Amino acid sequence: MMAHLNFDIAHLLAGGLVLVSFMMIYQDRLSSLLDVFAFHAVVLSASVAWQAHIQDAPHLYITAAIALIFKALIIPTALGRIVQRLGIHREVETVVGTGLTMLAGMGLVALSILLMMRVTAGADALAREDLAFALSVVLLGLLMMVTRRNAVSQVVGFMSLENGLILAAAGAKGMPLVVEISVAFSVLIAFIVIGVFLFRIRERFDTVDMGAMDDFRGEQQ
Amino acid sequence: MSAVDAILLIPAIAAAILALLPGYRLSARLNMGASGLTFLAAVALLLLPRPGPSDYFLVDDLNIVFIVLNTFVGFTAATFSASYIGHEIETGRLTPVTLRFYHAMYQVMMFGMNMALLSNNIGLMWVSVELATLSTVLMVGLYRTHEALEAAWKYFILGSVGIALALFGTILVYMAAQPVLGEGTPSMVWTNLLAKAAQIDPGILNLAFVFLMLGYGTKVGLAPLHAWLPDAHAEGPTPISAVLSGLLLNVALYAVLRFKMLMTANPATLSPGPLMVAMGLASLLFAGLMLYRRRDIKRLFAYSSIEHMGIIVFAFGMGGPLANFAGLLHMVMHSLTKSSIFFSVGHIAQIKGSQRIAAIRGLTQSHPKLGWSLALGVLAIAGLPPFGVFLSEFLVVTSTFARAPGLALLLVLGLLLAFGALILRLTGFLFGEPEGSLAPAKASFVPIWAHMGLVLLAGIHLPGAMVAWFEAAAKLLG
């Protein structure tokens, strides 16, 4: 009975992460995208903490705490400020329409579940379902990176992709270095965010105009 | 302190000192000294009896080739960098503060690459490759121009996605190994994985290899995942272009090879060869065509790197003792030749004040020494005898003809395409009316000629000891 409940809750949280990934796909404002991303990180944190509980692996609580503090609080706040300051909090450019992207996303989730279930027939049930959800989150993150043109939303796409990886690593029972890997990723993301901030990359690369940016900020102040 | 410790500690300590040390002249010398010491430690590792594998580090016939090459080119590139940055300071493109950062990052990068090459733990390997990537990203963006930031950003995003996919592959390998090797660190140790490879679930391993190949393959610069490579080479400081082409691509390739060895050790898995052959050929042909339309000299040679990584991956994909030997030899020859070319190109671009191919003409008249150094490099990289690149390409082609003539034809087509493009450009560089500045070159020729001398030597006579060494490594690759 207890084992069943453990399994169901882990399942619920991992599935929740996939759902939140879908929610990110159709956000067309940067500020709401950042809010949904913060929620994504909260769900990840809960999911990792639950894994720490059922696997009896206290080091995973550290990973959960990093996800909560760094990705749910610090990064969305910092990015939110950048977005405000750059004055691009209104609309997100999408290359393909939302409907098509959602359909593609569903296809990717179906693909990853079919693939993982077939390939990992030998592994234990919790790990393989976790992995299937994790791969879905990774693929949805990639999808978001290719369909968005704005540097900030690409970063958000990358971070959601990385949340999928942390989910996979936490689900792999007894995997060493998970904490180190989540720290390494946090450093990477911090660098990206600092990069966005310092270099003031406004649109995607080809339309960066430093001079125009300076003028614009001068107007605001 | 063992040689393994020295190879890791010297760059780590040097990075810390360089980060604190003001004054770029002293830093440049220290950077050179530290890289030289690391090279000596690598030579010691080669000559002394090897330590057995631990949970984190491993030294065998295969990675010692990579380590010696890595530290050697790291040292010569640091020597070149010392003369290169003097000019950058004079023209004001770099400031002493950015140089302090640059030197520290150079050693961080060397540390990351050496650790990746020495690691026996697939998790540690991943972390090290990420470290090396991050430090190079920062250096690519060093000039802070619009183009440099754009290149750094592109490299950053594509490199991060690559590294993320590689991590997913690494997790899958762990998941597959865990029922066989038990929970925790043992399941991430490469030597354990290899010993028990036959018992590991082949399905998960197949899937893992696809992710690893795409992930680390991005960093190798294989088509169609190469988009970051030309930009990163063209916009960063030239010593970094030399190190990117000569070393970082090899490190990523090394990671792919380690996982390929796991795959071949398990007979139930799909053969990794065809995937590698296909990606290698695609890179070769694509880069061969792209070489014709280049207008920037560093971009030209960046595409040539994609071409050569294609040949190397192709050779390793074919497998077998001869093709592996050829692939390994080609990798070493390419690293030496390509970094030597970038050293010459760095000085030429500094004198001319431009990287545009159209601006570089008549070097034999204006700067004969530099011009002929470049010419030697280009002739070698295009695959003309008597250079070592000819020998290794010849071996790749003949070993392929014996087994798959159809593929060999495509391979030869790609080689000829690249050959044509490079020779076409070379005549433009060397002859004609000199353009731009005629200022005498303050170049450091020692690294250029040291590399070319080695490549020439290998082409004329490959020493028996080296053949035996490479054969042992090729045998490990299976």
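Thresholds, definitions, all that
Residues numbered from 1 in each chain as written. Chains lettered and ligands numbered in written order. Predicted model: local features only at pLDDT ≥ 70, side-chain atom pairs only at ≥ 80, totals over all residues. Helix = DSSP H or I, 4+ residues; strand = E, 2+ residues; numbered from the N terminus. Buried ≥ 20, exposed ≤ 12 C-beta atoms within 10 Å, placed from the backbone. Contact = placed C-beta atoms within 7 Å. Expected span 1.5 Å × (residues − 1). Axes fitted to C-alpha atoms, helices over the stretch in contact; angles between N-to-C directions. Parallel < 35°, antiparallel > 145°, perpendicular 65-115°, else oblique. Left-handed = near helix turned anticlockwise from the far one by under 90°. Nonpolar A, V, L, I, M, F, W, Y, C, P; charged D, E, K, R; others polar. Bend = angle between axes of the 7 residues up to and from the residue.

## Describing the overall build of chain A
Right, so step 1: Scanning chain A for helices and strands turns up 8 helices and 0 strands.
Right, so step 2: Put simply, chain A runs from its N terminus to its C terminus through helices and strands in the order α-α-α-α-α-α-α-α.
Right, so step 3: Each of the 221 residues in chain A was classed as buried or not, and the buried ones make up 45%.
Right, so step 4: Taking all contacts inside chain A whose residues are at least 6 apart in sequence as the whole, residues at least 24 apart take part in 71%.

## Focus on helix α17 (residues 405-430) of chain B
All names here are of chain B.
Right, so step 1: Taking 1.5 Å per residue, 26 residues should reach 38 Å; α17 reaches 37 Å between its end C-alpha atoms and fits that length.
Right, so step 2: Of all the positions in α17, only L411, G414, L417, A418, A421, L422, R425 and F429 are classed as buried.
Right, so step 3: Those residues of α17 that are buried are in contact with α11 (273-290), α12 (297-318), α14 (363-366), α15 (368-382) and α16 (388-403).
Right, so step 4: At the C-terminal side of α17, G432 shows a positive phi close to 95°.

## Comments concerning the environment of M263 of chain B
Residues and elements named next belong to chain B.
Right, so step 1: Tracing the sequence through the fold places M263 in helix α10 (residues 238-265).
Right, so step 2: A tally of 23 C-beta atoms within 10 Å means that M263 is categorised as buried.
Right, so step 3: Considering only alpha carbons, one finds M263 and L291, 28 residues apart in sequence, at a separation of 34 Å.

## What about the interface of chain A and chain B?
Right, so step 1: Across the contact, 34 residues belong to chain A and 28 residues belong to chain B.
Right, so step 2: For the side of chain A that touches chain B, the elements supplying multiple residues, two or more each, are α5 (125-147), α6 (151-171) and α7 (178-199) of chain A.
Right, so step 3: The element that contributes the greatest number of residues to the side of chain A that touches chain B is α7 of chain A, accounting for 8 residues.

## Quick look at the packing of helix α13 (residues 321-352) of chain B against α16 of chain B
Residue and element names in this part refer to chain B.
Right, so step 1: Their axes nearest at 8 Å, the elements α13 and α16 cross at an angle of 155°. Relative to α16, α13 is oriented roughly antiparallel. Classified by chirality, the crossing of α16 by α13 is left-handed. Contacts from L322, A323, F325, A326, G327, L329, H330, M333, H334 and T337 in α13 reach G388, V389, S392, E393, L395, V396 and S399 in α16.

## Here we look at the packing of helix α4 (residues 98-119) of chain A against α5 of chain A
Residue and element names in this part refer to chain A.
Right, so step 1: Remark: α4 packs on α5, axes separated minimally by 8 Å, with the N-to-C direction vectors making an angle of 150°. Here α4 is positioned roughly antiparallel relative to α5, judged by the angle of their axes. Relative to α5, the crossing made by α4 is right-handed. Across from T101, A104, G105, L108, V109, S112, I113, M116 and M117 in α4, the residues of α5 making contact are R128, L131, A132, L135, S136, L139, L140, L143 and T147.
Right, so step 2: Class assignment for the residues of the contact of α4 with α5 results in 12 nonpolar, 5 polar and 1 charged.

## So, helix α1 (residues 3-20) of chain B
Along an α-helix, a turn takes 3.6 residues, which lines up residues three or four apart on a common side.
All names here are of chain B.
Right, so step 1: When the terminal C-alpha atoms of α1 are compared, their 26 Å separation across 18 residues agrees well with the 26 Å that a helix rising 1.5 Å per residue should span.
Right, so step 2: If you look at α1, its biggest bend is around 25°, right at L9, and the proline P11 turns up within four residues after that.
Right, so step 3: Within α1 the residues assigned to the buried category are A3, V4, I7, I10, P11, A14, A15 and L18.
Right, so step 4: Looking at the packing, one finds that the buried side of α1 touches α2 (24-47), α3 (61-91) and α4 (96-118).

By themselves, these observations are geometric and do not establish any function.
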